[in-house]
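# Structural features, examined
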Amino acid sequence: MSTSLRMLPGPVMVAAGCGGTGRELLPFAGPTGLEGLDLVTRSITLDPRSGGTGPRVEEVSGGLVNAVGLPNPGLEHFLATELPWLVRAGARVFVSVAGATMGEYADLARRLSRAPGVAGLEVNVGAPDEAGAGLFEVREPYHAASVIAAVRREFPSDRPVLAKLRPDVSRVLEGARACHEAGATAVVVGNAVPAAFRDGRAGGLSGPAVSPVALRCVAEVHHALPALPVIGCGGVHDLASARSFLDAGAVGVQVGTALLHDPTTVARLRADLLPAAPPPPEETP
Amino acid sequence: MAEERTPHGPVHVEGEVVATKRVGAYRHLTLTAPGVPERFRAGSFVALSVAGHVARRALWVHRVRASSAFGPTLDVVLEVRGSGTAWLAAQPVGAKVAITGPLGRPFALPKDAVSCLLVGEAYAAAPLFPLAERLRERGCAVSLVVSAPDEHHLLSALEARRSARSVTVLTADGSVGQRGGVPDHVDDLVRRSDADVVYAAGPVEVLRSAAAAAERAGAWSQVAVEVPTPCGTGLCHGCALPVVGEDGVDRVVRACTEGPVVRGDRVRWDTL
Ligand SMILES: Cc1cc2nc3c(=O)[nH]c(=O)nc-3n(C[C@H](O)[C@H](O)[C@H](O)COP(=O)(O)OP(=O)(O)OC[C@H]3O[C@@H](n4cnc5c(N)ncnc54)[C@H](O)[C@@H]3O)c2cc1C
Ligand SMILES: Cc1cc2nc3c(=O)[nH]c(=O)nc-3n(C[C@H](O)[C@H](O)[C@H](O)COP(=O)(O)O)c2cc1C
Ligand code: FES
């Protein structure tokens, strides 16, 4: 396995925004707790955000529509409280970053590069409603690539930067290529799909309903760019759905909505997919 | 071990329906849920899975039994409102249901033997019954008020007469007990019970009026708030509850982790 692949997470990760602050997963994480768990935080912004006060999640057939509004305590508070807790618990922490400007992304990356215990970054360049969430709008592949380049410049090259892309089959390949060229270690293919609540408000659809969409995007990216590691995300909820992404060429999967339905999902998938602990090393002469 | 790290934390288990009974407008289910009854504290809730649905359904726990022919059990009270509660209410004895719990912050109990007024509307009065028992064990004088739109939606307070010094029944249509709702009577009830703490569970108008009456009387209040909880476990941040923090700063917290029970004077009712 190449160096870049070895520093990648996987094969099962907690998707951004679906693991609480990490603490809430602990009771459901199994006998080893969060030890070695690859966890992407909810997207962290420079300043605190309280998120929306209206209904944030609506249930639909096969999934959820959400417009949570990126509630998070801001970078400073995150660095002082949530991150140290996660690191102490033994999680491999991938911090999801989101910003309104390129400068904010660069700031986030610079300050996170100095924080102890950050395994890598995930850059949210495919949120379902960027305008509504007050995020830098990624309409063209070069927008995504410039954000990745800004982050990569500030973050040590020996730690991964993941570009999280929208599962839009007409654009995902260009986006993946541009992000790869801009220095992304891997791409996460799949995010909540732009959708609407029943009252018309903008949101993002997630869960089993989006799985086939994400799967198609993963297959296209892997086929065209076999050297770029792809992490599949969308509707993974059991071994079969995880396997379909791995069979399509993904090096790993992220689990989001399924955790909201059954908080033990990641623990079970890890038990099924992680290779058993290696035998004790032979005595070296 | 995870158990050692979180001794009181929730568990996610397969439960089984061991009894189902229609009482008035409600369906009472008795369930096994290994580990949940043992950890339950009044005011915490359980999240149940519904076949074919992604979001969980939150339910108050009405009572727990430490032992029965089926081992420890818990009771929930269902009001059928939509597809999820309809599915749950239709589950026969022997049906398996995924249950997570106990979840959320329970009612805070006073250190001293003080006077407590417990006010609950419709099915949401459910968690006040185990609360009344805990309070009585601590020597508190408990006054219980159960209210409902009509007799059909009234939780039976018969059993609570053991733990409560007084029981008051209110119905909006006057079919049993006094006529009217909690907002009409709550100031009077707080005064008559000489309450040091008011506990309330029910729709927003009930909670808000109970919290306001407590404040007017110089009493503390603890309110059990229901906002939609997509996961119930704190993972999704979907259950926004606007509060004023201890430091006086406005915040939005997760109802399922920082609540569902919060101090009544901390809720920003106008934004809820
Ligand atoms: C802490 C808490 C405790 C509760 N305890 C009880 C109880 O003991 N007995 C009881 O009958 N009901 C209780 N409820 C309300 C119950 O969870 C909802 O009525 C139920 O989720 C509605 O599901 P449904 O599928 O029947 O309705 P639908 O209208 O089909 O539900 C659609 C979606 O909206 C959500 N939803 C709709 N109304 C509510 C609501 N009022 N509260 C929360 N989510 C809602 C559902 O969870 C679901 O995701 C409680 C709610 C909370 C938050
Ligand atoms: C409630 C909720 C909150 C989310 N928050 C974030 C977030 O903060 N940042 C992000 O990049 N993605 C976020 N997502 C998207 C998920 O990480 C995931 O990409 C998407 O939901 C598709 O995967 P799934 O079907 O497994 O959930 C969120 C999704 C949900 C349902
Ligand atoms: S319901 Fe998901 S965090 Fe509260």
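Sequence order sets the numbering: in each chain, residues are counted from 1 along the sequence as written. Each chain is given a letter, starting from A, and each ligand a number, starting from 1, according to the order in which they appear as written. Where totals are concerned, whole chains, interfaces and linings use all residues; where local detail is concerned, this predicted model gives features only for residues with pLDDT of at least 70, and gives and counts side-chain atom pairs only at 80 or more. Processing note: side-chain calculations cover all non-hydrogen atoms of the structure and skip hydrogens and water entirely.

Right, let's get into the overall build of chain A. Numbering of helices and strands starts at the N terminus; helices are DSSP runs of H or I of at least 4 residues and strands are runs of E of at least 2. A tally of helices and strands in chain A yields 10 helices and 12 strands. The globule rule is 2.2 Å times the number of residues to the power 0.38, and the radius of gyration it is compared with is taken over C-alpha atoms. Since a compact globule built from 285 residues should have a radius of gyration of about 19 Å, the 18 Å found for chain A is in line with a globular shape. Projected onto the principal axes, the alpha-carbon positions of chain A cover approximately 65 × 40 × 40 Å. For chain A, with 285 residues in total, the buried portion stands at 56%. Residue pairs at least 24 apart in sequence account for 73% of intrachain contacts in chain A once pairs closer than 6 positions are excluded. Within the structure as shown, chain A displays about 11,500 Å² of accessible surface, and the carbon and sulfur contribution to it stands at 56%. By the counting rule applied here, Lys and Arg register as positive and Asp and Glu as negative, while His and the ends of each chain are not counted. Where a charge lies is defined by one atom per residue type: Lys uses NZ, Arg uses CZ, Asp uses CG and Glu uses CD. The centroid of the 24 positive side-chain charges in chain A is displaced by 3 Å from the centroid of its 28 negative side-chain charges. A simple rule labels every residue: compare its accessible area, found with a 1.4 Å probe on the protein chains alone, to the largest value its type can have, and call it buried under 20%, exposed over 50%, or partly exposed in between. The contact criterion used throughout is that any non-hydrogen atoms of two residues lie within 4.5 Å. Here the accessible surface of atoms and residues is derived via Shrake-Rupley with a 1.4 Å probe, and residues count as covered only by protein chains that are part of the display.

Two cysteine sulfurs form what is called a disulfide whenever their separation falls within 2.5 Å. Enumeration over the complete set of coordinates arrives at zero disulfides over all chains. Here A:Cys233 stays unpaired: no disulfide links it, and the sulfur of A:Cys18, its closest cysteine neighbor, is 7.8 Å away. The exposure class assigned to A:Cys233 is buried, which follows from its relative accessible area of 10%. Among the cysteines around B:Cys116, which has no disulfide bond, B:Cys140 carries the closest sulfur, lying 4.2 Å off.

Residues and elements named next belong to chain B. Of the consecutive residues glycine 101 and proline 102, the connecting peptide bond is found in the cis state with omega at -10 degrees. Tracing the backbone shows proline 102 in strand β7 (residues 96-103). Following glycine 259, the chain continues to proline 260 via a peptide bond in cis, the omega torsion being 5 degrees. The phi dihedral of alanine 122 is positive, around 55 degrees, even though this residue is not glycine. You can see alanine 122 is positioned in the loop between β8 (115-121) and α4 (128-137). Phi angles above zero are rare outside glycine, and histidine 237 is one such case at about 60 degrees. By the element assignment, histidine 237 lies in the loop between β13 (220-224) and β14 (240-244).

All right, on to the sheet that holds strand β16 (residues 261-263) of chain B then. All names here are of chain B. Pairing is mixed across the open sheet formed by seven strands, whose spatial order is β11-β10-β9-β8-β12-β13-β16. Both edges of this open sheet fall to β11 (178-179) and β16, since each of them pairs with a single strand only. The sheet contact formed by strand β9 (residues 141-148) and strand β10 (residues 166-171) spans six bridges and is parallel. Looking at β10, one finds that serine 147 is bridged to leucine 170. Strands in contact with α4 are β8, β9 and β12 (197-201); relative to β8, the strand with the most contacts, it is inclined by about 170 degrees. Think of it this way: DSSP has to see at least two bridges between two strands before they count as a pair. The convention used is that axes are lines fitted to C-alpha atoms, helices contributing only their stretch in contact, and that angles between N-to-C directions extend from 0 to 180 degrees.

The next point concerns the pairing of strand β12 (residues 252-255) of chain A. Successive side chains on a regular strand alternate, one facing one side of the sheet and the next facing the other. All names here are of chain A. With burial as the criterion, each face of β12 is covered, one bearing Gly252 and Gln254 and the other bearing Val253 and Val255. Pairing of strand β1 (residues 12-14) with β12, which is carried by three bridges, proceeds in the parallel orientation. Bridged to methionine 13 within β12 is glutamine 254. Bridge analysis of strand β11 (residues 230-233) against β12 gives three bridges, and the strand direction is parallel. Looking at β12, one finds that cysteine 233 is bridged to glutamine 254. A crossover gets the label right-handed when its path from the first strand over the helix to the second runs clockwise, viewed with the strands pointing away from the viewer. What joins β11 to β12 is helix α8 (residues 239-247), and the crossover it makes is right-handed.

Nothing here speaks to function; it is geometry throughout.
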